[in-house]
Amino acid sequence: MQVDLSAIAANFHHLRSLVGSDTEVAAVVKSDAYGLGMNLVVPVLLEAGCRTFFVANLREAMQIRTRLTSSVRINILAGIEDNELDVYRSYRLAPVCGRLQDAILAARKLPELVLSLETGFSRFGLTFAEVRAFKHRVRREPDLAVSHLACADDPIDTTNRMQRDRFVAMCQIVNPRRRSLAASAAVWLGQNYHFNLVRAGSALFGLNNAGVEPNPLRPVVQLIARLAEVRAVHCGEVVGYAASFRATRSMRIGIVALGYAQGLPWSAGNVIAALIGAYKAPVVGRVAMEYVAVDLSDVPAKLCTEGQPVEFIGPSLPIETMARAAHTIPQELLIRLGANCRRHYTQPCRDAPGFWQPQARSP
Ligand SMILES: *Cc1c(COP(=O)(O)O)cnc(C)c1O
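The structure displayed is predicted, hence computed values, not measured ones.

A.B. asks: How should I be thinking about the packing of helix H7 (residues 128-137) against helix H8 (residues 159-174) in this particular structure?
C.D. replies: A pair of packed helices is captured by two measures, namely the crossing angle of their axes and the spacing between those axes. Here H7 crosses H8 at 15°, and the two axes come no closer than 9 Å. Taken together, H7 and H8 sit at an angle that is classed as roughly parallel. When you trace H7 past H8, the crossing you get is right-handed. The segment H7 lies against H8, with Phe128, Val131, Arg132, Phe134 and Lys135 engaging Arg166, Ala169, Met170, Ile173 and Val174. Partitioned by chemical class, the residues of the contact of H7 with H8 number seven nonpolar, no polar and three charged.

A.B. asks: I'm lost on the packing of helix H3 (residues 38-48) against helix H4 (residues 58-65) in this one. Help?
C.D. replies: Direction vectors running N to C along H3 and H4 enclose 60°, while the axes themselves pass 10 Å from each other. It follows from the interaxial angle that H3 and H4 lie oblique. Two packed elements cross with a definite hand, and for H3 against H4 that hand is right-handed. Of the residues in H4, those in contact with Met38, Asn39 and Val42 of H3 are Glu60, Gln63 and Ile64. Across the contact of H3 with H4, the residue classes tally to three nonpolar, two polar and one charged.

A.B. asks: It is not clear to me how the pattern of salt bridges should be interpreted in this structure. Could you clarify?
C.D. replies: Pairs may arise between side chains of opposite charge once their charged atoms sit close together. Under the definition given, this model contains 10 salt bridges. Put simply, Arg178 and Glu24 hold a salt bridge, and the shortest N to O gap is 2.9 Å. Remark: Glu24 occurs in strand S2 (residues 24-28) and Arg178 occurs in strand S8 (residues 178-180); sequence separation between them is 154 residues. Note on accessibility: Arg178 and Glu24 belong to one class, buried. Between Glu332 and Arg336 there is a salt bridge whose closest N-O contact spans 2.9 Å. Taken together, the positions of Glu332 and Arg336, both in helix H10 (residues 330-340) and four residues apart, correspond to about one turn of that helix. Residue class for Arg336 comes out partly exposed when judged on its relative accessible area of 46%. What you see here is one network of salt bridges that share partners, running through Arg140, Asp143 and Arg177.

A.B. asks: I would appreciate a short explanation of the nonpolar core in the present structure.
C.D. replies: Most often, soluble globular proteins have nonpolar side chains that are buried together. One finds Ile8, Val29, Leu36, Leu45, Phe134, Phe205 and Phe312 to be the most contacted residues of the largest nonpolar core, which totals 117 residues. Here this core takes seven residues from helix H1 (residues 5-19), the largest share from any one element. Domain assignment of the residues forming this core places at least three in each of domain 1 (2-205) and domain 2 (221-361). Ala247, Met251, Val284 and Ala293 belong to the second-largest nonpolar core, a separate cluster that totals nine residues.

A.B. asks: Would you explain unusual backbone geometry in this entry?
C.D. replies: A negative phi holds for most residues other than glycine; trans holds for most peptide bonds. The linkage connecting Glu213 with the following residue, Pro214, adopts the cis geometry, with an omega of -10°. Tracing the chain through its elements places Pro214 in the loop between strand S9 (197-200) and strand S10 (221-233). For Ser122, which is not a glycine, the phi torsion comes out positive at approximately 55°. You can see Ser122 is positioned in the loop between strand S6 (114-116) and H7. Although it is not a glycine, Phe124 adopts a positive phi angle of roughly 55°. Relative to the elements of secondary structure, Phe124 occurs in the loop between S6 and H7. On the accessibility criterion, Phe124 (58% relative accessible area) is exposed.

A.B. asks: What exactly am I supposed to notice about the site of the ligand here?
C.D. replies: The environment of the ligand is made up of Val28, Lys30, Tyr34, Leu77, Arg123, His148, Ala183, Ser184, Arg199, Ala200, Gly201 and Ser202. Backbone polar atom of Gly201 to an oxygen atom of the ligand: 2.9 Å apart, as the coordinates give it. Here an oxygen atom of the ligand sits 2.5 Å away from a polar atom, N or O, in the side chain of Ser202. Summarising the interface, the protein chains cover 85% of the accessible area of the ligand, which totals 390 Å² for the free molecule. Mapped by element, the contributors of at least two residues to the shell around the ligand are helix H2 (30-34) and S9. The residue makeup of the shell around the ligand, split by class, is five nonpolar, four polar and three charged.

A.B. asks: Is there a simple way to explain the domain arrangement of the chain in this structure?
C.D. replies: As a measure of interface size, the accessible area lost when the parts come together is often cited. Assigned domains of the chain: these are domain 1 (2-205) and domain 2 (221-361). Put simply, the middle of domain 1 and the middle of domain 2, counted by C-alpha atoms, are 36 Å apart. Each partner contributes to the interface: domain 1 provides 15 residues, whereas domain 2 provides 16 residues. Counting the surface lost from both domain 1 and domain 2, the interface buries some 1400 Å², and carbon and sulfur atoms represent 59% of this. Its largest share of buried area at the contact with domain 2, domain 1 owes to Gln2, Val3 and Tyr34, together 44% of the area lost on that side. Our enumeration of links across domain 1 and domain 2 arrives at zero salt bridges. Here domain 1 and domain 2 share eight residue pairs in polar contact (both at pLDDT 80 or more) between them. Breaking the side of domain 1 that touches domain 2 down by element, the ones donating at least two residues are strand S1 (2-4), H1, H2 and H3. A class-by-class count of the residues in the side of domain 1 that touches domain 2 yields seven nonpolar, six polar and two charged.

About the criteria used
- Residues numbered from 1 in each chain as written.
- Predicted model: local features only at pLDDT ≥ 70, side-chain atom pairs only at ≥ 80, totals over all residues.
- Heavy atoms only, no water.
- Axes fitted to C-alpha atoms, helices over the stretch in contact; angles between N-to-C directions.
- Helix = DSSP H or I, 4+ residues; strand = E, 2+ residues; numbered from the N terminus.
- Parallel < 35°, antiparallel > 145°, perpendicular 65-115°, else oblique.
- Left-handed = near helix turned anticlockwise from the far one by under 90°.
- Contact = heavy atoms within 4.5 Å.
- Nonpolar A, V, L, I, M, F, W, Y, C, P; charged D, E, K, R; others polar.
- Salt bridge = Lys/Arg side-chain N within 4 Å of Asp/Glu carboxyl O.
- Buried < 20%, exposed > 50% of the residue type's maximum accessible area, 1.4 Å probe, protein only.
- Core = buried A, V, L, I, M, F, W, Y, C linked by side-chain atoms within 4.5 Å.
- Domains from an automatic or database assignment.
- Near = heavy atom within 4 Å.
- Polar contact = N/O pair within 3.5 Å; in protein donor to acceptor, adjacent residues only side chain to side chain.
- Areas by Shrake-Rupley, 256 points an atom, 1.4 Å probe, with all protein chains shown as cover.
- Buried area = accessible area lost by both parts, 1.4 Å probe.

This is the structure in structure tokens:
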């Protein structure tokens, strides 16, 4: 997997220009920056001007805390346990408090108070009753209140309005200094949804969850595997596990070194296509653990050689297309592929298309 760090920076700048200077763009880098590697992604975002990060848990927060100055905020989506109070305090970490006891603990003991409000997602967050209980028991006003939309990728879904109305009403009770409702897709729901801070994950990593046309985001990843074997298959012969593909004529088949161990979904068998140069090579048969077969019938013989790069995600093969065909979502694909493939990085701020070179066969 090739990761274009400059595209991440460009997407951050694009989001900033969309929301304007009254709204901060925070980066959500949970799950190791959606599988792309926090250690390299976070410095790029920092350099691009990002000053607030959301991570999944304490372990991820500690991975980046020492590399960031204390003025950079790190919010931990998992909240806080009683026995973690000291480490949150000494490392200036803010739990996103979605349970009443977390909120009370943080309000009494921590410098930064971030509340999560439950407006219709049914996952963490204080309910109306808990917001009132909090107000009753704690004098302090939160620094930030957040909530999360369930249907932001569908601008006409009325759930968005309902959640927004609830969010505004709950904020009126606790009076937070800043408010945040939008993740990536909600940036395109318009200014009414931006409030003081948007929390962007997917969009930074090039995923167009809102389905905006033309896609305003720069693609961040490219997935390229190596052709490991080329063979002739006769009419009537089968390919791969369960004989799910049978040749209807004499065919040239390529075995590509990419399988579900590298994050290619098993459900992509027989339904996606790769590219060799500009030529389409449909996947045939099931995806195996380390390999998948492609049909090379339409690929010129001179490109059908071992070691040849085979592209599965790239400029003309969007990750969204693979996700749809394999009955999953781009976020899941991204983190599975990112976490399991070897990753190469282009350096930020350097125009270097074609960075990827087919590599010598590794042992
Ligand atoms: C994951 C997450 C986000 C980021 O969502 P994207 O749609 O990927 O931008 C924002 N807020 C919360 C609470 C999240 O869990």
